[in-house]
Every structure is written in structure tokens, then in C-alpha cells.
Amino acid sequence: MAYPAEVAPAIPWETEGVSFLAGLAGTFRQAFSPTASAPAMAHGDVRSALSFALLTWLPLAALQCIIPYTRTLRFNVRTVDVSGGTSPVAVTLDVARAASLGVLLAALQLGAMGLAFASLSVAYGQPEAATPAAAWRTLFYRRFMVLLLPSLMAGGTIPSDLFANLMLFSGLFDPNLYMLLVVAVGVWLLTTLRTSARLAQGVGPGMSFLIPFIVMAVGVLVRLLAETACQPIMPAPPPEAAIREPAAAVPGAPAAPPRLDTPL
């Protein structure tokens, strides 16, 4: 089943006459209605979706690696320490390196998921509806969801996704709430990919359930392989014993606040 352009809902971001902020906010709101907004993914050009991704996905991708993969900054609970003797130029270069690493890893993951989604949708969808453009438009407009899922940085031992980093930095990390958010975002993304495959590209009911799982599995695998390949330029996570050493050195001293880049 694929809906024609006449009945597909308009995407505010690419609607003529809609202001920049209204288009941005309206397109974000549509992400919470994946079934209603899915048919629009089959109609329109990829460039509009790409411009939306660059404004929403790109900043989050750059921020995601700053906390776990900077060498000169130590992120504690509500505080940030700079390594002794580090110049402002070195800190700037270090942050830029970590941000670039985040963009590189996220771009590789995006490319792999887009190729998988496009090829599977075209193979199992309706010939007149299933196009690579529809698959890429879906991922570009909803790509920010993937960055809210847990990453496998350092083999999964470092809390590198934005949810965990923000909760840890604020001192409000709760494992139960964190898992609830992760599951909610995972279901949200799976539903988005499924409704796009079914309603925008005419994929059958069975394959429209299977394709999203395959696409997400490809994204996880490629991300893991990319992070493994980039290990030489990543700082190693500090050993747990070294983190606890300062508190143990002074009897009766309060425990030092945990770093955000320590294993959970």
C-alpha cells in the first residue's frame, strides 16, 4: 500500500510559505505521528530532507562523542575539569577532534542504514512507489532518533549516548528511567521505519516488520566495526581502580564524583 501525493500529508519543512522555525518545529512534531506522516516520505526531493538532517542530526552527532572521547576535559557530575597544563588551543583541538569523530561514526552508520533500507524497500515494495529517495527521505527526516539510542563505544562500557550523558552530568541518572527511554526510542524508530516501508513504499505486511530490524542491526554492526577501527585515535577509558584511588588515599575523605566516561 502506497499513498499518492494528493493524500499524503505535507511536511512543514518543505512547504512553501512556512517560516524556518515553524517548519522545523512542525516537522519535529510529525515525528511523533509516524503512521500519519509516513506517506509523505514517498513524495518530494531528497535535498530538503538532507537539509533538515544537517540541522538536527549533525549537531547531535558532533556532541555525542565530546564527553566520552576528549582527552583534555574531565566531565564529572555538574562540573568540567581541564587537565593540568593544558592550553586553550589544545582543549579546542581536542574537542574538535572528538566532535569530528562523532560526525564520522554517525555518518558511516547513517550511510549503512540508508543503503540497507533503500535496497530492501525497493526489492520488496511496489515498483511505482518504492524508490531509494523515499528510504533516504525517511532516514534524513528521522535520523535524530538513532542518536538517542545507546552506542557501543568502547565495547558498550562507556555511556556515550545523549540520554546517558545528560542524565549523568545532571546527577539524575536512574537505570530504570534510562532503560525506559531507550526502549521507547527504539520502538519509536522501528515504528517509523515500518510505516514508511508499508505506507510510503508499498512493502507487504510481513516484510515491513522485518526490514526495520534488519536496518537497525546493520546500523549497530557498522557502528561497532567503525568504532573498533577508530580505537587508535580514541582515549582509553580510565580503569575503575584509578578512579577510586583519590578517595582512598585520604582516610575519611568523601568519595570523588564519578566521571561520565567511566564504565557503568
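**Structural notes on the packing of aromatic side chains**
So, step 1. Taken as a whole, this structure holds 8 aromatic pairs when the rule is applied.
So, step 2. The interplanar angle of 70 degrees and the centroid separation of 5.6 Å between the aromatic rings of Trp13 and Phe52 together place this pair among those described as edge-to-face. In this pair, Trp13 sits in the segment before helix H1 (20-30) while Phe52 sits in helix H3 (residues 46-64), placing the two residues 39 residues apart along the sequence.
So, step 3. Residue classification places Trp13 among the buried residues on the basis of a relative accessible area of 17%.
So, step 4. Judged by its relative accessible area of 0%, Phe52 falls in the buried class.
So, step 5. Residues Phe28 and Phe144 carry aromatic rings whose centres are separated by 4.9 Å and whose planes lie at 65 degrees to one another, so their mutual orientation is edge-to-face. Taken as a pair, Phe28 in helix H1 and Phe144 in the loop between helix H5 (132-142) and helix H6 (162-170) lie far apart in primary sequence, 116 residues in all.
So, step 6. Between Arg194 and the ring centre of Phe209, over which it is positioned, the NZ or CZ distance is 4.1 Å.

**Regarding H5**
So, step 1. Counting buried positions over the 11 residues of H5 gives 9, a clear majority of the element.
So, step 2. For H5, the complete set of buried residues consists of Ala134, Ala135, Trp136, Arg137, Thr138, Leu139, Phe140, Tyr141 and Arg142.
So, step 3. Next to the buried residues of H5 lie H1, helix H2 (34-37), H3, helix H4 (88-124) and helix H7 (175-200).

**With respect to the nonpolar core**
So, step 1. Counting residues in hydrophobic clusters, the biggest one holds 46 residues, and the most contacted among them are Trp57, Phe117, Tyr141, Leu189, Leu193 and Val215.
So, step 2. If you list the elements that add at least two residues to this core, you get H3, H4, H5, H6, H7 and helix H8 (205-229).
So, step 3. Broken down by element, the residue count for this core peaks at 9 residues, all from H7.
So, step 4. Of all hydrophobic cores here, the second largest spans 8 residues; its members include Tyr69, Ala98, Leu105 and Ala226.

Cut-offs used in this document
- Residues numbered from 1 in each chain as written.
- Predicted model: local features only at pLDDT ≥ 70, side-chain atom pairs only at ≥ 80, totals over all residues.
- Heavy atoms only, no water.
- Phe/Tyr/Trp six-rings, centres within 6.5 Å; stacked < 30°, edge-to-face > 60°.
- Helix = DSSP H or I, 4+ residues; strand = E, 2+ residues; numbered from the N terminus.
- Buried < 20%, exposed > 50% of the residue type's maximum accessible area, 1.4 Å probe, protein only.
- Lys NZ or Arg CZ within 6 Å of the ring centre and 35° of its normal.
- Contact = heavy atoms within 4.5 Å.
- Core = buried A, V, L, I, M, F, W, Y, C linked by side-chain atoms within 4.5 Å.

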